[in-house]
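Breakdown of the fold
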Amino acid sequence: MKFGIVVFPGSNCDRDTFHVCNHVLGHKTVYLWHKSHDLQDVDCVILPGGFSYGDYLRPGAIGKFSPLMNEVGEYADKGGLVLGICNGFQVLLELGLLPGAMLRNKNLKFLCQFVHLRLEDNKTAFTRKAKIGQILRMPIAHFDGNYYADPGILDELRKENRVILRYCDANGLVSEDNNVNGSAESIAGLINKKGNVMGLMPHPERCSEQILSSEDGRVIFESVIDFIHA
Amino acid sequence: MKVRILVSFKESVLDPQGQTVKHALHTLGYDFIKNVRQGKLFEIDLDGISEKELEKIIPEISDKVLTNPIIEKFTWERLDG
Amino acid sequence: MKVRILVSFKESVLDPQGQTVKHALHTLGYDFIKNVRQGKLFEIDLDGISEKELEKIIPEISDKVLTNPIIEKFTWERLDG
Amino acid sequence: MIDKKLLDDHNLTHEEYDRIVELIGREPNLTELGIFSLMWSEHCSYKSSKVHLQKLPVSGKNVIQGPGENAGIIDIGDGLAAVFKIESHNHPSYIEPYQGAATGVGGILRDIFTMGARPIALLDSLRFGPLDKAQNKSIMSGVVSGISGYGNSMGIPTVGGETCFHECYSKNPLVNVFALGLVEKDKIFYAKAEGIGNPVLYVGAKTGRDGIHGATMASAEFGKDSEAKRPNVQVGDPFREKLLMEACLEATSKNLIIGIQDMGAAGLTCSTTEMASKSGTGIEINLDKVPQRETGMTPYEIMLSESQERMLIITGRDKVDDVQKIFAKWDLDAVIIGRVTEGSRLKVSFKGKIVVDIPVEAVVNLCPVYQREICRPASLSMFPTDLLPDIPGDLSASLLRLLSSPSLADKEWIFRQYDHMVQINTAFLPGMDAALLRLKDTKIALALTLDGNGLYAQLDPRTGGKAAVAEACRNLACVGALPMGVTNCLNFGNPEKPETMWRFQEVVEGISEACRVFDIPVTGGNVSFYNESEGKSIYPTPVLGVVGKIDDINKAVDTGFKREGDDIILLGTNRDEAGASLYLKLMHGLEFGPPPQIDLEKEKKLQKFLLEIISLSWIRSAHDVSEGGLAVCLAECCFSGKNRPGFSVTLEENMRPDTLLFGESQSRVVISAGKKEVQKIIALAKERDIPCRVIGKTGGKRILFKHNGKTVIDLDAGQAFSAWKTALPKIMAP
Ligand SMILES: Nc1ncnc2c1ncn2[C@@H]1O[C@H](COP(=O)(O)OP(=O)(O)O)[C@@H](O)[C@H]1O
Ligand SMILES: [Mg+2]
């Protein structure tokens, strides 16, 4: 399969994600320059972490206007797989491809650390190789990951099983104490109605190799690969 | 032309920055401060558009670019004339 | 009592935030925008102090807490009567 | 026109002025005077430190570039080179902690990527006043967010550092930032202006009236409001720097550049003159072409501006288009502002007139060099040890107090604000003796550490200098890495005071001696003088940054105990040395010497032995004994271990238990190993003449120390852990 990684001028996890998709997992991977209009026939578009446009205004606020985002929108409409990681997730929210918005972390500080996540649904293209209730250990690194949505939206997400990842403790317990950044309902990752656009704050590309102390992130990429090959 | 746009969180959204400032002021003894809300300020110079266009454009860019309407609201005013 | 304090960088200080917003607005075709400066907005509710104290206290906290006078400046106004 | 006041405002002496007149053969105009004042400032010319710095060993077989360029470079094998440097941003960080620290990060990163290297790591050495004062807390808060704000957006991980607290830093916090980049050995770029006629390109941010020196100048050229117009602290723009970095690296990787230099402190002045001087050429620029952020800027202001996120590039005439295309892709301007000329003069024109015409050499290399007066201070606070205070009744409580003091407590509050994992090379997260970075597609890993101890250097500067090198190298040895190169940041008070200069000389000689013994070259560094407020100086604070390499990353070991039932082994000797310890300072409010003595030859042997047993995969953990002594060291091994196994240790030395537990004798390392290896380790140690003995075992849930049959410390490991873990967050809670 072929991964495409969008490069905004302020992206800084683009090379990391490339490394994992290409060198670690062995799949063809291309960079997609944000000013271009060509998705190069990829099977999955990844919006990587970073600070798309410096993000002084709001994370993703300016990145959403990049020329390539038109194509990404159409691609998603047609059912193409789009994965937003961290800043990529923030861009997807600003684009309206996923509902809700991000606020500053509740302690008003940037947070870089490993967290535990509970996997809530494995019937998606992004999680089919995982088990429901599986606990993943992955790093987060963000200033604005405090997920917010109107109560109506939260209801809908719950009813439609669209929350994919929640912050929890090592035993899978979801509680306010383990909700590092203050997200509504401890949401760390969610998916759109059609099931082809997912966003998550944790960084799977930072934990896909033994040497980096966790390989729990691989399951996300491997699910995508499995889905495309199925 | 010069306009000022003020952006703040909607009432329903918590404003932890404002809370922190309030807390800091209380520790310094300013305990008569009841509430603080923090927001953003934009001052924009424009040129070569009509008054009517201005009335249309400022809300447009505020809505599209300067705020995220899910969490923020804005007001604006002319600074000149 | 309710006051509004507006904080922004001094004129000669680089304002990277305003610059990136301006740049973004230009790419979206709003090229009649000549300049953007971004700052902070504070809305404060107070209680139990006199008008005279207010006149003293708002500049004081603006100077001490809300800004770093080396790079920032502020203005303030009453929002109620 | 040029009077005493004007010279004072420019920090130039009368003699220096006379020398300028002699060198250029006439009176300088104001702009020229400004240029000289900048380039002849302590910061740029090293006029007070030069004679001493010459003693540092700078060569070695792996050195590709020693001191003198933007950063030092060493060959790390596999066709790769490591480019690294440390820089201080102390003064701006006191005035505006966030922006001061942020622009410090920006500056050091430019030093790295101008050489064609992609930065892969930052480390920060921070010193603040005690955290019981609100102002110190807010300085620390601001500095940490500033580093985080800039480094994180750039996507450069801040993988380690050190943070200490002492009253002497209350009005003079220290912010030293280290950066390291990687480059292919044959793709290194230097600051040079070669090829007569070649264009000079200005790239990056526009120039404003940022940080112009001689700020209090009351000359006719400036209006009344000029004070307010010239802020001395710049605001950083990490996004623009990210664009600049990507564009520069793209241009260097495509070989489109001849020479490149960043414009940080001393801006256009420094970059033009230094590049020309290195190539023996002249340079000509037209200030009307310089992109400007503000209107009405004078030549003086444009030449002296310290606006950030700018670079100067020399390229071939046929390459200008390609360079401009790359910068346009990254939304940056690249403007031709001049050209390389024959001869060796800097010529600057403005509105059709020549406003500067001076010899480049005079500006760059002919600044007077001072052999400043030196005087050993009368009192160095050396007290005989029989004046030691009574031994505290409850040493468990003493250990808890040490563990929860800001200097020794867990620093996660700081490093979790730094993105320390981006670029996915961070094999050891912060919290270990050294940061460990894997190099993708190789088996090699780089180990990095920063170290220094102001109190040692205050009480005995020579020992302080030696100990800083020794400890930094020991930190590397603890993870299994061989030290390859050193950079250093020397933070001192006013060099015009003979006592400061004595300390400076002693520290530098201590560092030199240690580097010679360990056979590691100094590839660069930075001197920060005038860290004084209200007549009070900081303690002399040398900060050493050491870069090491481990050939097989799978061999690396970390600090934490791994299993229950492992033997705990002490390498080195516990000596009766309480002087200069953090224990005396924190528990008894005493600061006196002498600091622990160091035998460099023994230290070298110890480190060599450690590297040997690590490469044989005989040990499971290693941690050096430093501030807080043996007790704190062992507690840290427990805290960073998986499941935090407790331990029990038995000591038999005949000395005061507090000195034994908390004294800071040098050249000691605590390791843990399984049964099978212990005998081998002891046998080899004997052969290598290394003091080595089993002092205890891991396991259980308690932290236990016995001394001559008596239990002297008995703590619940979990309770001790949480005291250490929560101390800083509690203090810093809003
Ligand atoms: N300012 C800082 N930034 C990043 N990491 C830090 C900072 N201060 C301390 N640390 C980390 O905390 C750990 C303990 O630091 P320290 O006690 O100075 O170690 P050592 O005594 O071994 O030199 C180290 O891993 C260090 O990298
Ligand atoms: Mg150490």
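Our subject in this report is the structure included herewith. (Residues numbered from 1 in each chain as written. Chains lettered and ligands numbered in written order. Predicted model: local features only at pLDDT ≥ 70, side-chain atom pairs only at ≥ 80, totals over all residues. Heavy atoms only, no water.)

1. Quick look at the interface of chain C and chain A
Each partner contributes to the interface: chain C provides seven residues, whereas chain A provides five residues. Buried area between chain C and chain A, summed over both chains or domains, comes out near 560 Å², and the portion from carbon and sulfur atoms is 82%. The interface formed by chain C and chain A includes zero salt bridges. At the junction of chain C with chain A, the criterion picks out zero residue pairs in polar contact (both at pLDDT 80 or more). Among the elements that take part in the side of chain C that touches chain A, helix α1 (residues 16-27) of chain C stands out by supplying five residues, more than any other. Broken down by class, the residue content of the side of chain C that touches chain A amounts to four nonpolar, three polar and no charged. (Contact = heavy atoms within 4.5 Å. Buried area = accessible area lost by both parts, 1.4 Å probe. Salt bridge = Lys/Arg side-chain N within 4 Å of Asp/Glu carboxyl O. Polar contact = N/O pair within 3.5 Å; in protein donor to acceptor, adjacent residues only side chain to side chain. Helix = DSSP H or I, 4+ residues; strand = E, 2+ residues; numbered from the N terminus. Nonpolar A, V, L, I, M, F, W, Y, C, P; charged D, E, K, R; others polar.)

2. Quick word on the packing of helix α10 (residues 238-253) of chain D against helix α13 (residues 320-329) of chain D
All names here are of chain D. Running from N to C, α10 and α13 point in directions that differ by 150°, and their axes come no closer than 9 Å. One finds that α10 runs roughly antiparallel with respect to α13. Here α10 runs over α13; the crossing is right-handed. Between α10 and α13, the residues in contact are L244, A247, C248, E250 and A251 and I326, F327 and K329, respectively. (Axes fitted to C-alpha atoms, helices over the stretch in contact; angles between N-to-C directions. Parallel < 35°, antiparallel > 145°, perpendicular 65-115°, else oblique. Left-handed = near helix turned anticlockwise from the far one by under 90°.)

3. Comments concerning the relation of the copies chain C and chain B
At an RMSD of 0.3 Å, chain C and chain B line up after a rotation of 180° and a shift of 0.0 Å along the axis. Seen this way, the second copy is the image of the first under a two-fold rotation axis. Identified as the residue of chain C closest to the rotation axis by C-alpha distance is K40(C), at 2.2 Å. Interface overlap between copies: 100% of the residues of chain C at the interface are likewise at the interface in chain B, consistent with a symmetric, same-surface contact. (Least-squares fit on C-alpha atoms with pLDDT ≥ 70 in both.)

4. Considerations on the site of ligand 1
Residue and element names in this part refer to chain D. Residues in contact with ligand 1 amount to 18 residues; listed here are only the nearest, D124, T163, G431, M432 and D433. Contact distances for ligand 1 include 2.8 Å between a nitrogen atom and a side-chain N or O atom of T163. S626 places a side-chain nitrogen or oxygen 3.4 Å from an oxygen atom of ligand 1. Summarising the interface, the protein chains cover 85% of the accessible area of ligand 1, which totals 550 Å² for the free molecule. Mapped by element, the contributors of at least two residues to the shell around ligand 1 are β4 (118-128), β5 (158-165), α16 (412-415) and α18 (461-479). Here the shell around ligand 1 takes four residues from β5, the largest share from any one element. Per-class residue counts for the shell around ligand 1 are six nonpolar, six polar and six charged. (Near = heavy atom within 4 Å. Areas by Shrake-Rupley, 256 points an atom, 1.4 Å probe, with all protein chains shown as cover.)

5. Thoughts on the pairing of strand β9 (residues 163-168) of chain A
All names here are of chain A. For β9, the tally of buried residues reaches six of six residues, placing the bulk of the element in the interior. Bridge count for strand β6 (residues 111-119) against β9 is four bridges, and the pairing is antiparallel. Looking across to β9, one finds that L119 is bridged to L165. As paired strands, β9 and strand β10 (residues 187-191) are joined by three bridges and run antiparallel to one another. Paired with V163 across the two strands is L190, which belongs to β10. (Buried < 20%, exposed > 50% of the residue type's maximum accessible area, 1.4 Å probe, protein only. Pairing = 2+ DSSP bridges.)

6. A word on the pairing of strand β8 (residues 259-263) of chain D
Residues and elements named next belong to chain D. The element β8 is largely enclosed, with a buried count of five among its five residues. The alternating pattern of β8 places G259, Q261 and M263 and I260 and D262 on opposite faces, both of which are buried. By the bridge criterion, five bridges tie β8 to strand β10 (residues 310-314) in an arrangement that is antiparallel. Paired with Q261 across the bridge in β10 is L312.

7. Comments concerning the coordination of the magnesium ion (ligand 2)
All names here are of chain D. Coordination of the magnesium ion (ligand 2) by the protein comes from D433 (OD), N475 (OD1) and D624 (OD), over a distance range of 2.1 to 2.3 Å. Taken in sequence order, the residues that donate to the magnesium ion (ligand 2) follow the motif D-x41-N-x148-D. Of this pair, N475 sits in helix α18 while D624 is found in strand β23 (residues 621-624), placing the two residues 149 residues apart along the sequence. Its relative accessible area of 1% is what places D624 among the buried residues. (Donors = N, O, S within 2.8 Å, 3.2 Å for Na, K, Ca; no water.)

8. Quick look at the interface of chain C and chain B
Tallying the contact residues gives 31 residues for chain C and 31 residues for chain B. The junction of chain C with chain B conceals about 2800 Å² of combined surface from both sides, 68% of it contributed by carbon and sulfur atoms. Summed over the three residues of chain C that lose the most area to chain B, namely Y30(C), F32(C) and L41(C), the buried surface amounts to 21% of that side. Our count for the chain C to chain B interface comes out at zero salt bridges.

9. Let's talk about the packing of aromatic side chains
Residue and element names in this part refer to chain D. Per the counting criterion, the structure on display carries 18 aromatic pairs over all chains. Seen in terms of ring centroids, F36 and W40 are 5.2 Å apart; in terms of plane orientation they differ by 85°. Their pairing is edge-to-face. Note on F639 and W724: the rings are 4.8 Å apart at their centroids and 35° apart in plane angle, and the pair reads as tilted. Here the residue F639 occupies a position in helix α22 (residues 629-639), and W724 occupies one in helix α25 (residues 717-732), the gap between them amounting to 85 residues. Neither residue differs from the other here; F639 and W724 are each classed as buried. Taken together through their ring pairs, the aromatic side chains of F492, F504 and F529 make up a single cluster. (Phe/Tyr/Trp six-rings, centres within 6.5 Å; stacked < 30°, edge-to-face > 60°.)

10. Side note on the sheet that holds strand β16 (residues 445-451) of chain D
All names here are of chain D. Spatially, β14-β15-β16-β21-β17-β18 is the arrangement adopted by the six strands of the open sheet, whose pairing is mixed. Looking at which strands have only one partner, the edges of the open sheet turn out to be β14 (426-428) and β18 (522-528). Taking each pair of neighbouring strands and ignoring which way they run, the sheet shows an average axis angle of 25°. With seven bridges joining them, β16 and strand β21 (residues 541-550) adopt antiparallel strand pairing. Among the inter-strand pairings, A447 is bridged to a residue of β21, identified as G548.

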